[in-house]
Amino acid sequence: MKKAMIATIAMVVLTSSLIAVTRPPASLSATSAEAPKLTRTVVMTGLQEPWDIAFTPDGVMLFTEKCRGLSARLPDKKTVRLFGTSGSALVAPDLFCEGQSGVHGIAVDPDFAKGTRDIYVYIASNLRKPATNRVVRLTVNADYTSVANRTDIIEDISYKNAANGAGIAGAHSGGRIRFGPDRFLYVTTGDNHNATLPQDLKRLGGKVLRVSRDGTAAPGNNTPTGGDPRIFTYGHRNVQGITFRPAGQPNAGQPFTAEHGPNHSDEVTALAAGGNAGWDPQNRPRLRCPDDYCGYAGDPTTMPMTDTQRFPKAMPPSWVHNGSGRGMGSALFLDGKQWRGWNGRLLVSLMGGQRIAVLELDARGMATNEATVELPATRTRTLVQGPDGNLYTANDDGEIWRVVPS
Ligand SMILES: [Ca+2]
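Since this is a predicted model, take the numbers as computed values, not measurements.

What follows concerns the confidence of the model for the protein. Chain-level pLDDT for the protein is 92 on average; 92% of the residues reach the 70-or-more range. Low confidence marks residues 1–33, where pLDDT is under 50. Its contacts with residues over four positions away, or in another chain, come to 32 contacts.

Set out below in structure tokens:
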């Protein structure tokens, strides 16, 4: 019964994504009629692979560059390299940059304004052999010239240490970190091109973790018995977007992820504690699987991003993007009346397509409409909303943009 229901939901999702693609112009213009007018300003240029942005409550912009580290941009537009490679105020000798990995997500402590001044950053580290991804906590000083008190709150996030038949070393590290409205830190990870990782509840790759600020498991993760209690959801491929449904929306506070599909099926998923996202690229005897990793071998039927045959209770995707220009990276719920008809809608970066999609969701979190944000084409790495309510993006052209709605 339940299986049939989930199958029906999957059908609806599939149908709605098809509708979104082929929707007649009338519906799209109905969407754009209530869309805000956007004014874009290029805030910074010449950055080296900027990956993520976060704002402190006093309006200072922190940003990461994949092979350099973490920097602060002060109100006088001066930039200070706080943490990372040589030239940073605090050098991390263990930090390294390889393949898709290096310095990724950045998050600001919910009690920063109350005086913790703590920030968190996701890095690839060779302190352990073999290397791992880590979440590092740092305390930033009052004038943003230095950081101290490095504490590695998670040391054992799976890392791809060697190339295999599926691709290069350093692939699929996930790496977005965000505090939820529940004040716990959510950490997205990737499958490392490792066939058994996503469904392995003892290892942290292919997961969304939910932890306290000291890195210990948050209460209420509902991890299946025997699993690492830091695991909030599992069965993911490579999650690089996580955002929370804003107050005033149905299921406010619910986390939504965006993750890269293989040669098909990028997915947005509404998460439930303890849920299985249904990715399992192992043991597909009818496929040719280099180094036993079947992730690139099949199609949406033979190697699904959400395998409801193996996992009937898998969390159904909210939106499946199967068109050209995949590469689903960052995600962000827009929040605030200044966003007009887009208030509460979900932005998702499609890096391959060099565009940002804006999704309308129903009460269950299923996408019912899709449009494209009218901005110049670029590979957008991150989407965040600043304390001023505006959208900030970083892209692979080395730029940070501010986008003001009106
Ligand atoms: Ca899935």
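Don't stop here, the text continues.
Our focus in this paragraph is the pairing of strand 12 (residues 185–188). On a regular strand, one side chain projects to one face of the sheet and the next to the other, so that they alternate. Residues Leu185 and Val187 point to one face of strand 12 and Tyr186 and Thr188 to the other, with burial holding for every one of them. Inspection of the sheet shows strand 11 (residues 177–179) paired to strand 12 by three bridges, in the antiparallel sense. Pairing of Arg178 across the sheet is with Tyr186, part of strand 12. Summarising the sheet, strand 12 and strand 13 (residues 207–211) pair through four bridges and their orientation is antiparallel.

Nonpolar side chains in soluble globular proteins tend to be buried together. Counting residues in hydrophobic clusters, the biggest one holds 90 residues, and the most contacted among them are Val121, Ala331, Leu347 and Val348. If one sorts the elements of this core by residue count, strand 8 (residues 118–125) sits on top with six residues. Discounting chain neighbours no more than four positions away, the residues touching Ala331 are Gly241, Ile242, Thr243, Phe256, Ala258, Val268, Leu346, Leu347, Val348 and Leu383. Core analysis: the second largest hydrophobic core is formed by six residues, Ala166, Ala195, Cys294 and Met303 among them.

Bringing the sheet that holds strand 12 into the picture now. Here we have five strands laid out as an open sheet, ordered 11-12-13-14-18, and mixed in their pairing. Strands with a single pairing partner mark the edges of an open sheet, and in this sheet they are strand 11 and strand 18 (275–276).

On to the environment of Ser158. Relative to the helices and strands, Ser158 is located in the loop between strand 10 (147–157) and strand 11. For Ser158, a count of 23 C-beta atoms within 10 Å translates into the label buried. Placed 47 residues apart in sequence, Ser158 and Gly205 show a C-alpha to C-alpha distance of 4.9 Å. Dropping the residues within four chain positions of it, Ser158 is found in contact with Thr189, Asn192, Leu197, Arg203, Leu204 and Gly205.

Taking strand neighbours across the sheet as the criterion, the four strands line up as 1-26-25-24 in an open arrangement whose pairing is antiparallel. On the outer flanks of this sheet lie strand 1 (38–44) and strand 24 (380–385), each paired with one strand and no other. Across the sheet, the mean angle from the axis of one strand to that of its neighbour is 25°, orientation sign disregarded. Looking at chain direction, strand 25 (residues 391–395) and strand 26 (residues 400–405) are connected through four bridges and run antiparallel. The partner of Thr393 across the bridge, within strand 26, is Trp401.

Parameters at a glance
Residues numbered from 1 in each chain as written. Predicted model: local features only at pLDDT ≥ 70, side-chain atom pairs only at ≥ 80, totals over all residues. pLDDT = per-residue confidence, 0-100. Contact = placed C-beta atoms within 7 Å. Buried ≥ 20, exposed ≤ 12 C-beta atoms within 10 Å, placed from the backbone. Helix = DSSP H or I, 4+ residues; strand = E, 2+ residues; numbered from the N terminus. Pairing = 2+ DSSP bridges. Core = buried A, V, L, I, M, F, W, Y, C linked by C-beta atoms within 7 Å. Axes fitted to C-alpha atoms, helices over the stretch in contact; angles between N-to-C directions.

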